[in-house]
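The residues making up each chain are set out below.
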Amino acid sequence: MHWRIERSSAPAAVSVPLLEALDLVKDYRTGSEVRRALDGVSLSVGPGRFLSVMGPSGSGKSTLLHLLGGLDRPTGGEVMLRRRALSALSDRELTEYRRQVGFVFQSFNLVPVLTVAENVALPLVIDGRRRAEVDRRVRDTVAAVGLEEQADALPSRLSGGEQQRTAIARALVTEPAVLLADEPTGNLDSATGEQLLSVLKAAQRDREQAIVVVTHDPNVAAAGDEVLHLRDGAVTGRIDLGCGGDGSPPAQRLAAWLGDGAG
């Protein structure tokens, strides 16, 4: 099954790309068998752009995020930040690259002995930021995700949704150039999910962050400027929600696009 590609099969044009993937291939070897998780995936995300990535389980979405974040290396192709290839970076430079990227994964990876505020502060402390700056950023970011009253609570005292919000706050507090999120609203009720989307959209708008979100939820995907669909590791469709169309809301356009491609 292949999804209809609206406008063009090429990546959406971006005047000044911030994050790029060029013909990414990722193979995993088990004994004599090789499984291809990604097969020639390309994308381009500019500052202040929001890309949603959809696809069924096993389509390569999480693998793509790991490659974009420099947590794994591709078998073929290239990831570039501001036109500089990750393959050309030393280990030290790759660490610096990761500091420019905020991660939100399905597993929250919170430190159990630290409070919400301390978990959010952790990347700033590791980066050697001044105490006053750390306190200000943590306070503002915790408030932005609606966790002021839980700031002194340990993760064990939080609901799954509150832990997810803590993880998102920790990713946002460094004001990264790029934010990568894997199902960021998967553990949230609809109202809290809408609040988190508002936070992400504000970061996109006010801080010119490039955002890449993996999601199975069309309502979340519709918050993006562009939606990329993967199946079996390959791009099977793209739609630009920011231009063209009949003037209908993005969620409605996306639903129609997905429906048209389901045959």
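What counts, and where the lines are drawn
- Residues numbered from 1 in each chain as written.
- Predicted model: local features only at pLDDT ≥ 70, side-chain atom pairs only at ≥ 80, totals over all residues.
- Heavy atoms only, no water.
- Helix = DSSP H or I, 4+ residues; strand = E, 2+ residues; numbered from the N terminus.
- Rg over C-alpha atoms; globule rule 2.2 N^0.38 Å.
- Buried < 20%, exposed > 50% of the residue type's maximum accessible area, 1.4 Å probe, protein only.
- Areas by Shrake-Rupley, 256 points an atom, 1.4 Å probe, with all protein chains shown as cover.
- 1 Å grid on protein atoms, 1.4 Å probe; cavity = no way out; pocket = protein on both sides within 12 Å on 5 of 7 lines; lining within 4 Å.
- Points joined across faces, edges and corners; volume = space filled by probe spheres on them.
- Nonpolar A, V, L, I, M, F, W, Y, C, P; charged D, E, K, R; others polar.
- Pairing = 2+ DSSP bridges.
- Axes fitted to C-alpha atoms, helices over the stretch in contact; angles between N-to-C directions.
- Phe/Tyr/Trp six-rings, centres within 6.5 Å; stacked < 30°, edge-to-face > 60°.
- Lys NZ or Arg CZ within 6 Å of the ring centre and 35° of its normal.

Peer 1: Looking at this structure, I do not really get the overall build of the protein chain. What am I missing?
Peer 2: Looking only at helices and strands, one finds eight helices and 10 strands in the protein chain. What you see for the protein chain is a C-alpha radius of gyration of 18 Å, in line with the 18 Å of a compact globule of 263 residues. A burial count over the protein chain gives 51% of its 263 residues as buried. Surface accessibility of the protein chain: about 12,500 Å² in total, with carbon and sulfur atoms responsible for 48%.

Peer 1: Can you help me understand the layout of surface pockets in this one?
Peer 2: By volume, the largest pocket is sized at about 620 Å³. Along the wall of the largest pocket there are 21 residues; nearest its centre are R98, R99, V101, F103 and P123. Listing elements by their share of the lining of the largest pocket, those giving two or more residues are α2 (91–99), β6 (101–104), α3 (116–126) and α5 (160–172). Within the lining of the largest pocket, the residues separate by chemical class into 11 nonpolar, four polar and six charged.

Peer 1: Would you explain the sheet that holds strand β7 (residues 178–182) in this entry?
Peer 2: By way of backbone hydrogen bonds, the strands of a sheet pair with one another, either parallel or antiparallel. In space, the six strands of this open sheet follow the order β6-β7-β8-β3-β9-β10, with mixed pairing throughout. Two strands in the sheet have a free side with no partner beyond their single neighbour: β6 and β10 (234–240). Taking each pair of neighbouring strands and ignoring which way they run, the sheet shows an average axis angle of 15°. Across six bridges, strand β9 (residues 226–231) lies against β10 in antiparallel orientation. Bridge pairing links L228 to R238 in β10.

Peer 1: What is the right way to read the pairing of strand β4 (residues 76–81) from this model?
Peer 2: Working note: regular strand, side chains alternate between the two faces of the sheet. Looking at chain direction, strand β1 (residues 19–30) and β4 are connected through five bridges and run antiparallel. The residue bridging A21 from the neighbouring strand is V79, located in β4. In this structure, β4 lies alongside strand β5 (residues 84–85), joined through two bridges in antiparallel fashion. By the bridge assignment, M80 is partnered in β5 with A85. Two successive antiparallel strands, β4 and β5, enclose a turn made up of two residues, where R82 displays a positive phi of approximately 50°.

Peer 1: Just checking my understanding: could you explain the packing of aromatic side chains for this structure?
Peer 2: Note on aromatic pairs: each is described by the distance of the centres and the angle between the planes. What the rule picks out here adds up to one aromatic pair. Relative to F105, the ring of F103 lies with its centre 5.4 Å away and its plane at 25°, an arrangement referred to as stacked. The ring of Y28 has K26 sitting right over it, with the charged end atom 5.3 Å from the ring centre.

Peer 1: Would you take a moment to explain the sheet that holds β4 for this structure?
Peer 2: One open sheet accounts for four strands, arranged β2-β1-β4-β5; its pairing is antiparallel. Looking at the sheet topology across the chains shown, the edges are occupied by β2 (33–45) and β5.

Peer 1: Please clarify how the pairing of strand β8 (residues 210–214) should be interpreted in this entry.
Peer 2: Across the five residues that make up β8, a large majority, five, are buried. Burial along β8 is two-sided: A210, V212 and V214 and I211 and V213, pointing in opposite directions, are all buried. Pairing analysis gives four bridges linking strand β3 (residues 50–54) to β8, with the strands arranged parallel. Across the sheet, residue S52 finds its bridge partner in β8, namely V213. Relative to β8, β7 runs parallel, the two sharing five bridges.

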